[in-house]
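Here's the letter readout for the chains.
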Amino acid sequence: MTHEPTIGQRCHRIACVLRRGQGNPSENLIDLLADARHWCDDNAESFGELDRQAYQHYLAERNDEQTDERRMP
């Protein structure tokens, strides 16, 4: 059984990655996204398609989180 990280854990994870780079976290995110595009080019992947899939995952996670919050006493 795998345990998926919570949204808070995911936010913390990416914040740690973004703080490790040079400059501010927003600039580091821009660089990371540009690097991801280069990776896709080098590996014959569609950044746009992967981004669309990631957005669908994001929406599902946000919806799941809102449902979980409603269930909590």
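Preceding this paragraph is the structure being described.
Below: a short report on this structure.

Reading the values: the criteria
- Residues numbered from 1 in each chain as written.
- Predicted model: local features only at pLDDT ≥ 70, side-chain atom pairs only at ≥ 80, totals over all residues.
- Heavy atoms only, no water.
- Helix = DSSP H or I, 4+ residues; strand = E, 2+ residues; numbered from the N terminus.
- Expected span 1.5 Å × (residues − 1).
- Polar contact = N/O pair within 3.5 Å; in protein donor to acceptor, adjacent residues only side chain to side chain.
- Salt bridge = Lys/Arg side-chain N within 4 Å of Asp/Glu carboxyl O.
- 1 Å grid on protein atoms, 1.4 Å probe; cavity = no way out; pocket = protein on both sides within 12 Å on 5 of 7 lines; lining within 4 Å.
- Points joined across faces, edges and corners; volume = space filled by probe spheres on them.
- Nonpolar A, V, L, I, M, F, W, Y, C, P; charged D, E, K, R; others polar.
- Contact = heavy atoms within 4.5 Å.

### Focus: helix H2 (residues 25–42)
End to end, H2 covers 25 Å across 18 residues, agreeing with the expected 26 Å (1.5 Å per residue, within 8%). Between the side-chain oxygen at the start of H2 and the backbone nitrogen of Ser26 there is a gap of 2.9 Å, and the oxygen is on Asn24. Of the residues trailing H2, Ala44 is marked for its positive phi of about 55 degrees.

### Structural notes on the pattern of salt bridges
All chains considered together, the criterion is met by three salt bridges. With a shortest N-O distance of 3.3 Å, Glu4 and Arg10 are connected by a salt bridge. Here Glu49 makes a salt bridge to Arg52, at a shortest N to O gap of 3.5 Å. Here the residue Glu49 and the residue Arg52 both occupy positions in helix H3 (residues 47–71), the gap between them amounting to three residues, near one helical turn.

### Some details on the layout of surface pockets
The volume enclosed by the largest pocket comes to roughly 430 Å³. Taken together, 14 residues form the lining of the largest pocket, with Arg10, Ala54, Tyr55, Tyr58 and Glu61 sitting closest to its centre. When contributions to the lining of the largest pocket are tallied by element, the ones reaching two or more residues are helix H1 (7–20), H2 and H3. Sort the elements by how many residues they give to the lining of the largest pocket and H3 lands first, with nine residues. Grouping the constituent residues of the lining of the largest pocket by class yields nine nonpolar, one polar and four charged.

### Considering the environment of Arg10
Relative to the helices and strands, Arg10 resides in helix H1. Setting aside residues up to four positions removed in sequence, Arg10 forms contacts with Glu4, Pro5 and Glu61. Polar side-chain contacts of Arg10 include one of 3.4 Å to the side chain of Glu61.

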